[in-house]
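# Survey of secondary and tertiary structure
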Amino acid sequence: MVTVEERYEHLEKTIRGYNISADFPQIRTAYEYAREHHGTQMRRDGTPFITHPIQVAQIVAEMRLDSESIMAALLHDCIEDTEVSYEDIAKQFSPTIADIVDGVTKLTRVKYNSMEEEQMENLRKMLFAMSKDIRVILIKIADRLHNMRTMEYQTPAKQKKKSLETMEIYAPIAHRLGMQRMKWELEDLSLKYLDPVAFNDIEARLETEKVAHGQFLSNVQEQIQKRLAGLGIENGTVYGRVKHPYSIYRKMYTQEKTIEEVYDLFAFRVIVHTVADCYNVLGVVHDLYRPILGRFKDYIATPKPNMYQSLHTTVVGEEGIMFEVQIRTYDMHAIAEYGVAAHWKYKQNITANGGEGMYEWIRRLLENQEDADAEEFIHSLKIDMFSDEVFVFTPRGDVVNLPAGSTPIDFAYSIHSAVGNTMTGAKVNGRMVGFDCQLHNGDIVEISTSKSAHGPSRDWVKIAKSSEARSKIRQWFKRERREENIAQGRTSFESELKRTGLAIHQVTDPSVLPIILKRMSFQSLDDMYAAIGYGGYTALKAVNRIRDELRQISRAEAVAKAAKEAAEKAEREARENRYVPQKMKSEKGIIVEGLSNCLVKFSKCCSPVPGDEIVGFITRGYGVSVHRRDCPNANPERCPAEQGRWIKVSWSDECYESYNTSLEVICKDRPNLLVDISTVLSTCKAPVAGLNIHTTADGFALFHMVISVSNAAQLDQIMRKMYQISSVMKVNRPAG
Ligand code: MN
């Protein structure tokens, strides 16, 4: 029976083996502190509880981690299982150690219930997100490994549950961190409880073949070693092993093979000092045994995402038995066995206490990711890079992924809008909290709901962090509270209006209100208030829009009024027979009689150009629209009620350079017609802004073109030239 003290001595010896300058007095203090506080607690196997933290520290020491990690490992269950608090550890040891212990405690409190693949990935991410210090996760893996090693004392139900977690969460994490040795052991221990029949079968088979296997392993080992000596490679290590049960198991299942058919049951490892020697050894191995085509992998030239480097080859030995050989340097070996932990150790040696960023090496690790797998890997390895997300649990154990800073409101709406809308209270980790409470990684969030709940409050939109929650809250208000929305919307609209200096009667004036509503696409003023009320439209936006519309309308009215006065004046003067056309400032080359600087647009129906006889129409809101006098739309008889709106306009001397106008050419279709038409346009220097060709079944072609010309004379010339083209039958200026 090993005593507690002996176990501790063994731990110290292990540490001394790699770190002679470790802080042994403090480590002992941590051990004694933990022993004292765990007191008489016992493990299920009947040993004092303190053996567990010592063994976890032992595993951590085998990963060659620093003194702080060892101390944190010794103390890792203190916060969870004893009266000791975070502050106690921070005071007695250091805030860093307290942080690590606290981190491990938080991971311990995470409950895993759902085992769906998507959830599993979220859980793995969450564990990384929660471990602000990589040492937290390394200690947690060590903790899990020791618990798995002593799992036989637990109930079968707990064995299965823990094994599943280990297989699905901790082994993949160990793999991602490149800790192969941990990964294997975690997988084998899990398999033992998850599929005991298969596991025992494999174990039994390996056991009966043990002697034969041993013989085979030592033969091959000897053969390789001899050749290495011949090559002058010194201090090389060669050893063989039977592959671990879970890897055999997986091969048997995925390839549907019996254990005899799993060909690479054996693996050999050759560890040398230099990369050059690795390739030399490869030559030797391929010389000794027949290599299998397509099984050679150069992970030295192309490392795996988790930084793993080695040469892999599979060969056939004398007895026709296949085996794998892995060749690597000692440095590569350390990384293969301990993964991130090995990096961590190196990092320590490079910059002791270097404050230049704890995660420098992780960044470097991440930057080395190249293949497709890498993205996922990077995602799962981001430690302080998950700052924009928070992972929390439902009471059932499902992980919910929310934006950082999320509250119970975001959580409730992410479950279902009905949950959010009937929410009456929230608990985080069993404690009642306010709706604005910020959620943290690993929190268990519980929402109480009631059918008679009042529904969301308007403040929730401001509190919620996720756009999902905000839009669901708005939807609710939109649907459920029309009356309230209208009242609320009217209040904010009117107060906003006041700030602008407008009066409500200016808006509700029956001569402008229908125009405003139409422009803003609201059926009624209440609709607009309702939209403001539920937050679909802001009061500020509405008021600004209305102010702009009112300005437009009053400007148009002023134009109309001035135009009318001018027309009356002109008529009067004409009557008095002393009419003198006045020179006015033109807009777009158009003089509107009696007005300057008035909005002008050319009507699309007839597209007049300088030289055409034209007439103006005073529109509602957009100034004067100019038509050709021969345009059917310019016939005042068409709408007698608006006769007063027609106004005299004329071309000014200072015409714009070019005007868009339409032409219609009807021809008998023939080859090269388009070329001839284009030639006319180009010789007449009329750029084409649009061209539409329509051919009919009976062999006619209709060209509709929009061209740019300076005046009617140029247009006339173009039209004449078009007529001269053979097969052109008609050239029109469309109107109306
Ligand atoms: Mn523990």
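Residues numbered from 1 in each chain as written. Predicted model: local features only at pLDDT ≥ 70, side-chain atom pairs only at ≥ 80, totals over all residues. Heavy atoms only, no water.

Turning our attention to the overall build of the protein chain. The helix and strand tally for the protein chain stands at 30 helices and 21 strands. In the protein chain, which comprises 736 residues, the share counted as buried stands at 47%. Pairs at least 24 residues apart make up 66% of the contacts formed inside the protein chain by residues separated by at least 6 positions. (Helix = DSSP H or I, 4+ residues; strand = E, 2+ residues; numbered from the N terminus. Buried < 20%, exposed > 50% of the residue type's maximum accessible area, 1.4 Å probe, protein only. Contact = heavy atoms within 4.5 Å.)

Around the manganese ion, the protein contributes the donor atoms His52 (NE2), His76 (NE2), Asp77 (OD) and Asp143 (OD), at 2.2 to 2.4 Å from the metal centre. For the manganese ion, all donor residues lie on one chain, and their spacing in sequence is H-x23-H-D-x65-D. Taken together, the residues His52 in helix 3 (residues 51–62) and Asp77 in the loop between helix 4 (67–74) and helix 5 (78–81) connect sequence positions 25 residues apart. For Asp77, a relative accessible area of 7% gives the class buried. (Donors = N, O, S within 2.8 Å, 3.2 Å for Na, K, Ca; no water.)

The subject of this paragraph is the sheet that holds strand 16 (residues 646–647). The mixed open sheet is built from 4 strands, whose spatial order is 13-15-14-16. Every interior strand has two partners, whereas the edge strands, strand 13 (600–602) and strand 16, have only one. Taken together, the 3 bridges between strand 13 and strand 15 (residues 624–628) define a ladder with parallel strand orientation. The residue bridging Val600 from the neighbouring strand is Val624, located in strand 15. (Pairing = 2+ DSSP bridges.)

On the basis of which strands lie adjacent, the open sheet formed by 4 strands has the order 19-20-18-21 and antiparallel pairing. Of all strands in the sheet, those with a lone pairing partner are strand 19 (688–695) and strand 21 (728–732), marking the two edges. With strand direction ignored, the average angle separating the axes of adjacent strands in the sheet is 15 degrees. Bridging between strand 18 (residues 659–668) and strand 21 involves 4 bridges; their strand directions are antiparallel. Residue pairing in the sheet places Glu664 in a bridge with Asn732 of strand 21. Packed onto the sheet, helix 29 (residues 673–683) meets strand 18, strand 19 and strand 20 (700–709) and runs at close to 20 degrees relative to strand 20. Running at roughly 165 degrees to strand 21, helix 30 (residues 712–724) makes contact with strand 18, strand 20 and strand 21 of the sheet. (Axes fitted to C-alpha atoms, helices over the stretch in contact; angles between N-to-C directions.)

Relative to strand 20, strand 18 runs antiparallel, the two sharing 10 bridges. Across the sheet, Lys668 pairs through a bridge with Phe700, a residue of strand 20.

The final tally for this structure, using the stated rule, is 18 aromatic pairs. The interplanar angle of 70 degrees and the centroid separation of 5.0 Å between the aromatic rings of Phe268 and Phe323 together place this pair among those described as edge-to-face. Here Phe268, found in strand 2 (residues 266–272), pairs with Phe323, found in strand 6 (residues 322–329); they are 55 residues apart in sequence, far enough to count as distant. Across the pair, Phe323 and Phe268 agree in class, each one buried. Seen from their ring centres, Phe493 and Tyr529 are 5.7 Å apart, and the 55 degrees between their planes marks the pair as tilted. With Phe493 in helix 24 (residues 482–500) and Tyr529 in helix 27 (residues 525–534), this residue pair connects regions lying 36 residues apart in the sequence. Neither residue differs from the other here; Phe493 and Tyr529 are each classed as buried. Connected via pairs of aromatic rings, a cluster forms that spans Phe216, Phe266, Phe268, Tyr289 and Phe323. Residue placement shows Arg16 over the ring face of Phe24; its charged tip is 4.3 Å from the ring centre. If you follow Lys668 out to its NZ or CZ, it ends over the ring of Phe700, 4.5 Å from the centre. (Phe/Tyr/Trp six-rings, centres within 6.5 Å; stacked < 30°, edge-to-face > 60°. Lys NZ or Arg CZ within 6 Å of the ring centre and 35° of its normal.)

Time to look at a nonpolar patch on the surface. Where nonpolar side chains cluster on the molecular surface, the patch consists of Leu674, Val688, Leu691 and Ile693 and spans about 320 Å² of accessible area. Of all the elements, strand 19 adds the most residues to the nonpolar patch, at 3 residues. With respect to the helices and strands, the residue Leu674 is situated in helix 29. Residue Leu674 is classed as partly exposed on the basis of its relative accessible area, which comes to 36%. (Patch = residues over 30% accessible without salt bridge, like charges linked within 9 Å, V, L, I, M, F, W, Y side chains within 5 Å. Areas by Shrake-Rupley, 256 points an atom, 1.4 Å probe, with all protein chains shown as cover. Salt bridge = Lys/Arg side-chain N within 4 Å of Asp/Glu carboxyl O.)

To continue, consider helix 1 (residues 4–18). With 15 residues, helix 1 should reach 21 Å at 1.5 Å per residue; the first-to-last C-alpha distance of 22 Å fits that figure. What helix 1 keeps buried is the set Val4, Tyr8, Leu11, Glu12 and Ile15. Viewed along the axis of helix 1, the buried residues span an arc of 95 degrees, placing them on a single side of the element. Exposed side of helix 1, more than 90 degrees from the buried face: Lys13 and Gly17 are the residues found there. (Expected span 1.5 Å × (residues − 1). Arc of directions from axis to C-beta.)

For side chains bearing opposite charge, pairing can occur when the charged atoms are close. Under the criterion given, the structure shown has 29 salt bridges. Residues Glu68 and Arg135 are paired through a salt bridge, measuring 2.7 Å at the closest nitrogen-oxygen approach. Taken together, the residues span a long stretch of sequence, with Glu68 in helix 4 and Arg135 in helix 9 (residues 134–149) at a distance of 67 residues. Judged by its relative accessible area of 25%, Glu68 falls in the partly exposed class. Residue classification places Arg135 among the buried residues on the basis of a relative accessible area of 3%. Arg545 is the salt-bridge partner of Glu549, the closest N and O atoms lying 3.4 Å from each other. Of this pair, Glu549 and Arg545 both sit in helix 28 (residues 539–575), 4 residues apart, which is roughly one turn of the helix. Looking at Glu549, the relative accessible area reads 7%, which means it is buried.

With that settled, the discussion passes to the environment of Pro456. By secondary structure assignment, the location of Pro456 is in the loop between strand 11 (445–449) and helix 22 (460–463). The sequence separation of Pro456 and Asn421 amounts to 35 residues, and the corresponding C-alpha distance is 5.6 Å. Beyond its immediate stretch of four places on either side in the chain, Pro456 contacts Tyr413, Asn421, Ile473, Trp476 and Phe477.

Let's shift gears to the nonpolar core. Of all hydrophobic cores here, the largest spans 67 residues; its most connected members are Val60, Met63, Ile70, Leu74, Leu75 and Ile89. No other element matches helix 9, which puts 9 residues into this core. A domain-level breakdown of this core finds at least three residues from each of domain 1 (4–199) and domain 3 (387–479). Here Ile70 is in contact with Leu11, Ile15, Tyr18, Ile27, Ala57, Val60, Ala61 and Leu65, once residues within four sequence places are set aside. Residues Phe477, Leu517, Phe522 and Tyr534 belong to the second largest nonpolar core, which totals 46 residues. (Core = buried A, V, L, I, M, F, W, Y, C linked by side-chain atoms within 4.5 Å. Domains from an automatic or database assignment.)

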